Amino acid sequence: GRHSSDPDSASLPLRMATRRPNPHNGAPAAQRADARAREDLVHAQQAPPDTFQGIVIQHVRNMSLSMRTSGLPFEDSKNAWSGLSGVLYALPALATPFWWEKLLWLLQAFLSVTADYFYVNDLHVVHGIDRIFATYNTIRIIMIVALNLPVWTVVFAILPLSMYYNGALAKKSMNVKKWIMFHTLWHFTGGFLCMFFTYMVRYVYHSGDIAYVEN
């Protein structure tokens with residue numbers, strides 16, 4: 001038979017056979033978004049980070065590029081303890097005189113329960129919104145404590161943050177029971193400590209400062 005003198009034409013069938021098809025081509029925008037989110041979830045299942053730097057990078061990614069994923073590698077992550085305990089982030093609302101701060105913590109509790117219980121096994125943008133609010137409130141309460149109370153008191157933040165970190169390690173080892181335990185403790189320690197330090201700053205440190213409370 002005849003052979004082409006063009007080496008590229010000879011390798012063309014091979015390149016076409018080995019070319020990876022794009023599953024998103026021709027699909028509606030919503031389906032493409034779902035497919036990308038599912039790919040992100042598969043990536044989380046295959047290689048959850050096990051270093052502090054890796055956990056931080058994944059957290060930032062899940063607040064931006066992968067807003068709709070829960071970031072959990074388990075087939076079923078729904079549990080009343082790890083999901084409904086997020087309501088404890090409403091506790092700081094009891095420890096502040098400011099309506100806007102009450103609203104901030106109530107919204108955090110709502111987002112936490114919604115993401116960690118009602119949509120924990122689903123793709124939903126509430127996961128990314130919850131992570132953004134939680135990150136903001138964590139940094140915010142640490143800054144408030146550092147600026148108003150003795151600086152050494154910020155070391156108490158290590159307790160809830162260590163629970164979050166150990167929960168991330170549980171994802172790496174694919175241990176859903178450990179993740180449930182540490183995520184529940186993240187809610188308990190974080191909720192109660194945020195309430196305590198909010199009270200200390202708002203009512204103890206500024207005790208007798210009527211102008212502060214009224215403003």
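Residues numbered from 1 in each chain as written. Predicted model: local features only at pLDDT ≥ 70, side-chain atom pairs only at ≥ 80, totals over all residues. Heavy atoms only, no water.

### Some details on the pattern of salt bridges
- Per the stated rule, a full pass over the model turns up two salt bridges.
- Close ionic contact of Arg140 with Glu101 constitutes a salt bridge, the shortest N to O distance being 2.5 Å. Taken together, the residues span a long stretch of sequence, with Arg140 in helix α6 (residues 126-148) and Glu101 in helix α5 (residues 99-118) at a distance of 39 residues.
- Here Arg202 ties to Glu101 by a salt bridge, and the two come within 2.9 Å at their closest N and O atoms. With a gap of 101 residues between them, Arg202 in helix α8 (residues 176-205) and Glu101 in helix α5 connect regions that are remote in the sequence.
- Residue class for Glu101 comes out buried when judged on its relative accessible area of 1%.
- Through salt bridges with shared partners, a single network forms among Glu101, Arg140 and Arg202. (Salt bridge = Lys/Arg side-chain N within 4 Å of Asp/Glu carboxyl O. Helix = DSSP H or I, 4+ residues; strand = E, 2+ residues; numbered from the N terminus. Buried < 20%, exposed > 50% of the residue type's maximum accessible area, 1.4 Å probe, protein only.)

### Some remarks on α6
- Over its 23 residues, α6 extends 32 Å from the first C-alpha to the last, a length consistent with the 33 Å expected when each residue adds 1.5 Å.
- Burial in α6 covers these residues: Val126, His127, Gly128, Asp130, Arg131, Asn137, Arg140, Ile141, Ile144, Val145 and Asn148.
- Buried residues along α6 sit against α3 (52-62), α5 and α8. (Expected span 1.5 Å × (residues − 1). Contact = heavy atoms within 4.5 Å.)

### Examining unusual backbone geometry
- Positive phi outside glycine occurs at Met174, with the angle close to 60°.
- Note that Met174 resides in the loop between α7 (158-172) and α8.

### Things to note about the confidence of the model for the protein
- This prediction gives the protein a mean pLDDT of 83; 73% of its residues lie at or above 70.
- Taken as a whole, residues 7-24 scores under 50 in pLDDT and shows seven contacts with residues more than four places along the chain or in a different chain. (pLDDT = per-residue confidence, 0-100.)

### Things to note about the nonpolar core
- Grouped together as the largest cluster of nonpolar side chains are 16 residues, with contacts concentrated most on Tyr89, Trp105, Val145, Leu149 and Phe197.
- The element contributing the most residues to this core is α8, with six residues.
- Setting aside chain neighbours within four positions, we find Val145 in contact with Thr153, Val154 and Phe197. (Core = buried A, V, L, I, M, F, W, Y, C linked by side-chain atoms within 4.5 Å.)

### What about a nonpolar patch on the surface?
- On the surface, Trp152, Val155, Phe156 and Ile158 cluster together into a nonpolar patch covering about 440 Å² of accessible area.
- Along the polypeptide, Ile158 turns up in helix α7. (Patch = residues over 30% accessible without salt bridge, like charges linked within 9 Å, V, L, I, M, F, W, Y side chains within 5 Å. Areas by Shrake-Rupley, 256 points an atom, 1.4 Å probe, with all protein chains shown as cover.)

### Observations concerning the packing of aromatic side chains
- If you walk through the whole model with that rule in mind, you get 10 aromatic pairs.
- Each ring, one from Phe156 and one from Phe197, has its centre 5.6 Å from the other, and the planes form 50°; the classification is tilted. Residue Phe156 is found in the loop between α6 and α7, and its partner Phe197 is found in helix α8; the two are separated by 41 residues along the sequence.
- Residue classification places Phe197 among the buried positions, given a relative accessible area of 8%.
- Considering the side-chain rings of Phe188 and Phe192, the 6.4 Å spacing of their centres and the 25° angle between planes classify their relative orientation as stacked. With Phe188 and Phe192 both in helix α8 and four residues apart, the pair spans about one turn of that helix.
- Look at Phe188 and you get partly exposed, because its relative accessible area is 32%.
- Taken together, the aromatic side chains of Trp152, Phe156, Phe196 and Phe197 make up a single cluster linked through ring pairs.
- Against the face of Tyr117 rests Lys78, its NZ or CZ located 4.6 Å from the ring centre. (Phe/Tyr/Trp six-rings, centres within 6.5 Å; stacked < 30°, edge-to-face > 60°. Lys NZ or Arg CZ within 6 Å of the ring centre and 35° of its normal.)

### Brief notes about the layout of surface pockets
- Space inside the largest pocket adds up to approximately 1,100 Å³.
- Along the walls of the largest pocket sit 49 residues, with His59, Thr138, Leu161, Tyr164 and Trp186 positioned nearest its centre.
- Those elements that place two or more of their residues in the lining of the largest pocket are α3, α5, α6, α7 and α8.
- It is α6 that provides the largest number of residues to the lining of the largest pocket, a total of 11 residues. (1 Å grid on protein atoms, 1.4 Å probe; cavity = no way out; pocket = protein on both sides within 12 Å on 5 of 7 lines; lining within 4 Å. Points joined across faces, edges and corners; volume = space filled by probe spheres on them.)

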